[in-house]
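# Summary of structural features
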Amino acid sequence: MTPAGWIIMIVSVFGMTGLFAWCIRKVLTIPEAAEHLHSQSDIDPHDQE
Amino acid sequence: MAKEKWGSKLGVILAVTGSAVGLGNFLRFPGVACANGGGAFMIPYIIAFILLGLPIAWVEWAMGRYGGRNGFSSAPGIFRAITGKNRTAQIGTLAVIIPVIIYMYYVSIEGWCLGYAWKYWTGGMDTVVAEAQLHTAAEQPPATTPETEQLQLLEQKEAGINATKSYLLHFAGIVAENDHQKSGNLRILREFGQGSMPFLLICFAVNFFLIYRGINRGIEWFCRWAMPALVVCALIILVRVLTLGTPNSLMPEASISNGLGFMWNPVGHNLVNGDLVEVGFWEALSNPQTWLAAAGQIFFSLSVGFGVILTYASYTKENDDIALSSLSAASGNGFFEVALGGMIVIPAAFVFLGPTSIISAGEKASSLSLGFFALPGVFENMPAGHFFGGLFFFLLFIAAVTSSLSMLQPAIAFLEEGLGLGRHASVTLLGFITATGALFVSLVSDGLVVLDHLDFWTANFCIFLLATIEVIFFSWIMGLDRGLKELAHGAEIRLPKALPFVLKYITPAFLLIIFGSWLSREVFSNGPYIKALKENSIVQLTLAFILANYLFFAILVHIAVQRWKKIERNGKEVEA
């Protein structure tokens, strides 16, 4: 393993791990959004008789 | 009945990450990286992540949630909702059949993973490679020179890999290549029944049980414990691999440190006439093939162009931060691929198999080559290898289930909202279609020909095609303003200022170059797949099978559009 190999490995592994950890932390600290979804089920087709 | 939705933001991120994390993260990525510059591969890989993977993922998330807000979760409904035109629903047909067809062979591989895990833990895989190597060694004359000895060792390794290949074919009940005359149908059925069929049935049952339970109580519930379990399994195997040291004192160069170097040093390796040739850092980076391989890896790894993200994103809440969710899922996939996948397979394979086998598998970009043909030799020689072999294949099984679940949901969503089927009917219908396909893959196969060609035409050609259509559709038809407004709605993170430019010009150009060069290499230059299509009747049957599925779903999409039109007409009449 050369010094360049060590550098690439450490930057790649910790870079990806760090980005993922930052994202998860951010997701968990933002409060959940309130919502109302308009769905197809909101439409009453009146053709079910 | 209320429309389904994810229980939490973390739930959807774990589900999308689970969809993306599969065999390719642990097997395909390290092999491709080694064969394309080693550590140098990470530069084009990260650039492709930024310019290709993430933008397409954002496109799919934005289109999916837009569709969800308008009451649609299936790709045909989403495309139609975006344009308001009925004919655009047919674009979505691709996004329904791609995951369904991939599921048909993916579930077989999932069954093999579970079967191998079971076999390792019950002692059934202990001597497959050793017996073949001993048998070959017994037939070889005594070596007189070091060169002859080296050659004989290579022959023994090759015999081991052939033995694992043959083991897989028998376990899977697959007709060996060019073996139609000798292989009676009864033998195939018996081997299939005694080998992989019970595991295939378990996989089908697990997948359809979870899909039947729905988005929140099925997929999200499973991914909530499966993804952490995946990390734990991978970490245990990682510790085992990193503490291997130098297992054979007679071969000091076969050490874990050299194995890590083989993966991460900025030096690529190629096989030229069977000899290993080093490729320098700049030489690797100046080779267009390295960039294409990196873009291809990002593309397949993130599950973009599958149609899965479109459907998953439609179940998010109206004010959710989909930009952050998308980034989280993409980086989660990168974590599994780089931090775990890149540290396990290659170093272990280097120590026990040597570099030639790794490059041979990596050049084929084949998960099967490295996973099922080469790795059994690793676990057979590794201390406590039966336990770690079982754990590794169980890890692959979990990763495969989280992916295969996501392949079923787009079709379930379509059958429910397009044809008005209930959950029971849609699960039954899809179960029948996919079971037919899975049996086709196992029992009609010619070696791994059916599986290989299904993979080529759906998981390569159709995915490239769909992703290219999606990006052009988003940037040029839906309109960037409208699309980016959807993406930014509820976003706590700031989107890059260059994103509109990247989405409008860079990503489509990047995609078109990759797709174009892929077409020119694989299709227009009469590559092996096209040659096989012209000559091999089983390959022709495979393509006919794909087209029949496409036609079937295209008709269903047409019926769905008529139904949606009727619902909307009735709604307007009531309003009037």
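Refer to the structure above for everything that follows.
Let me begin by describing the structure that accompanies this report. What you see is a predicted model; the values in this text were computed from it and never measured.

Residues and elements named next belong to chain B. A cluster of nonpolar side chains, Ile 472, Trp 476, Ile 477, Phe 501, Tyr 505 and Leu 512, forms an exposed patch at the surface whose accessible area comes to about 630 Å². Counting only elements with at least two residues in the nonpolar patch, the list comes to α19 (449–488) and α20 (499–524). Its place among the elements puts Ile 477 in helix α19. By relative accessible area, Ile 477 is classed as exposed at 53%.

This next bit is on empty space enclosed by the protein. Over the atoms a probe the size of a water molecule is rolled, and this reveals where empty space is left. Residues and elements named next belong to chain B. This model, assessed by the stated rule, comprises two cavities of 30 Å³ or more. Taken as a whole, the largest cavity holds about 70 Å³ of empty space. Together, Val 16, Ser 19, Ala 20, Ala 57, Leu 302, Ser 303, Ile 309, Ser 326, Ala 329 and Ala 330 line the largest cavity. Broken down by secondary-structure element, the contributors of at least two residues to the lining of the largest cavity are α1 (9–20) and α14 (322–353).

Contact geometry of helix α1 (residues 3–29) of chain A with α1(B) gives a least axis separation of 9 Å together with a crossing angle of 150 degrees. When the axis of α1(A) is compared with that of α1(B), the two are roughly antiparallel. Seen from α1(A), the contacting residues are A:Ile24, A:Val27 and A:Leu28; seen from α1(B), they are B:Lys9, B:Leu10 and B:Ile13. Along the lines of polarity and charge, the residues of the contact of α1(A) with α1(B) split into five nonpolar, no polar and one charged.

This brings us to the interface of chain B and chain A. Counting from both sides, the interface comprises 50 residues of chain B and, opposite them, 34 residues of chain A. Of the roughly 3,600 Å² buried between chain B and chain A, counting both surfaces, carbon and sulfur atoms make up 70%. Three residues, B:Lys9, B:Trp264 and B:Ile567, lead the burial of chain B against chain A; their summed loss comes to 15% of the area buried on that side. Seen at the junction of chain B and chain A, the total is zero salt bridges. The interface formed by chain B and chain A holds two residue pairs in polar contact (both at pLDDT 80 or more) in total. Going through the elements one at a time, α1, α3 (42–69), α10 (256–264), α14 and α22 (537–575) of chain B are the ones with two or more residues in the side of chain B that touches chain A. With ten residues, the top contributor of residues to the side of chain B that touches chain A is α14(B). Residue composition of the side of chain B that touches chain A, grouped by class: 22 nonpolar, 16 polar and twelve charged.

We now examine helix α4 (residues 75–83) of chain B. Residue and element names in this part refer to chain B. Where burial is concerned, most of α4 is hidden: seven out of the nine residues are buried. Taken residue by residue, α4 has Ala 75, Pro 76, Gly 77, Ile 78, Phe 79, Arg 80 and Ile 82 as its buried positions. Looking at the buried positions of α4, the neighbouring elements they touch are α3, α5 (91–121), α13 (308–314), α17 (385–419), α19 and α22.

What follows deals with the pairing of strand β2 (residues 275–279) of chain B. Residues and elements named next belong to chain B. Relative to β2, strand β1 (residues 268–272) runs antiparallel, the two sharing five bridges. The partner of His 269 across the bridge, within β2, is Glu 278. The antiparallel pairing of β1 with β2 creates a hairpin that spans two residues between the two strands, and Asn 273 there sits at a positive phi of about 50 degrees.

Here we take up the side chain of B:Glu417. Residues and elements named next belong to chain B. Within the secondary structure, Glu 417 sits in helix α17. Given the relative accessible area of 10%, Glu 417 is considered buried. At 2.6 Å, the side chain of Glu 417 and the side chain of Ser 74 are in polar contact.

Quick look at the nonpolar core now. The biggest cluster of nonpolar side chains holds 214 residues, and the ones touching the most others in it are B:Met63, B:Trp112, B:Trp264, B:Phe299, B:Phe372 and B:Phe392. By residue number, the principal contributor to this core is α14(B), which donates 21 residues.

A word on the packing of aromatic side chains. All names here are of chain B. According to the stated counting rule, one finds 44 aromatic pairs over all chains in the structure shown. A centroid spacing of 5.0 Å and a plane angle of 25 degrees characterise the contact between Phe 299 and Phe 464, whose relative ring orientation is stacked. Here Phe 299 is found in helix α12 (residues 288–301), whereas its partner Phe 464 is found in helix α19, with 165 residues between them in sequence. Of the two residues, Phe 299 and Phe 464, neither departs from the other in class, the shared state being buried.

Another point: the environment of B:Asn270. Residue and element names in this part refer to chain B. Secondary-structure assignment places Asn 270 in strand β1. Owing to a relative accessible area of 29%, Asn 270 belongs among the partly exposed residues under this scheme. When the C-alpha positions of Asn 270 and Cys 34 are compared, they lie 8.9 Å apart, and in sequence the two are 236 residues distant.

Looking now at the packing of helix α2 (residues 23–35) of chain B against α14(B). All names here are of chain B. Direction vectors running N to C along α2 and α14 enclose 70 degrees, while the axes themselves pass 8 Å from each other. Judged by the angle between their axes, α2 and α14 are roughly perpendicular. At the point where α2 passes α14, the crossing takes the right-handed sense. Facing α2, whose interface residues are Gly 24, Asn 25, Phe 26, Leu 27, Phe 29, Pro 30, Gly 31 and Cys 34, α14 presents Asn 333, Phe 336, Glu 337, Val 338, Leu 340, Gly 341, Gly 342, Val 345 and Ile 346.

Trans is the prevailing form of peptide bonds, just as negative phi is the prevailing case for residues other than glycine. Residue and element names in this part refer to chain B. Of note, the phi angle at Ser 303 is positive, near 60 degrees, even though the residue is not glycine. The backbone phi angle of Ala 384 is positive, close to 55 degrees, even though this residue is not glycine. When you line up the elements, Ala 384 lands in the loop between α16 (367–381) and α17.

Before going further, it helps to spend a moment on the pattern of salt bridges. Residue and element names in this part refer to chain B. Throughout the structure, instances matching the rule amount to six salt bridges over all chains. Across the pair Arg 80 and Glu 568 runs a salt bridge, and its minimum N-O distance is 2.8 Å. You can see Arg 80 sitting in helix α4 and its partner Glu 568 sitting in helix α22, a full 488 residues away along the chain. Among the charged side chains, a salt-bridge network with shared partners connects Glu 4, Glu 416 and Arg 423.

Calculation criteria
Residues numbered from 1 in each chain as written. Chains lettered and ligands numbered in written order. Predicted model: local features only at pLDDT ≥ 70, side-chain atom pairs only at ≥ 80, totals over all residues. Heavy atoms only, no water. Patch = residues over 30% accessible without salt bridge, like charges linked within 9 Å, V, L, I, M, F, W, Y side chains within 5 Å. Areas by Shrake-Rupley, 256 points an atom, 1.4 Å probe, with all protein chains shown as cover. Salt bridge = Lys/Arg side-chain N within 4 Å of Asp/Glu carboxyl O. Helix = DSSP H or I, 4+ residues; strand = E, 2+ residues; numbered from the N terminus. Buried < 20%, exposed > 50% of the residue type's maximum accessible area, 1.4 Å probe, protein only. 1 Å grid on protein atoms, 1.4 Å probe; cavity = no way out; pocket = protein on both sides within 12 Å on 5 of 7 lines; lining within 4 Å. Points joined across faces, edges and corners; volume = space filled by probe spheres on them. Axes fitted to C-alpha atoms, helices over the stretch in contact; angles between N-to-C directions. Parallel < 35°, antiparallel > 145°, perpendicular 65-115°, else oblique. Contact = heavy atoms within 4.5 Å. Nonpolar A, V, L, I, M, F, W, Y, C, P; charged D, E, K, R; others polar. Buried area = accessible area lost by both parts, 1.4 Å probe. Polar contact = N/O pair within 3.5 Å; in protein donor to acceptor, adjacent residues only side chain to side chain. Pairing = 2+ DSSP bridges. Core = buried A, V, L, I, M, F, W, Y, C linked by side-chain atoms within 4.5 Å. Phe/Tyr/Trp six-rings, centres within 6.5 Å; stacked < 30°, edge-to-face > 60°. Left-handed = near helix turned anticlockwise from the far one by under 90°.

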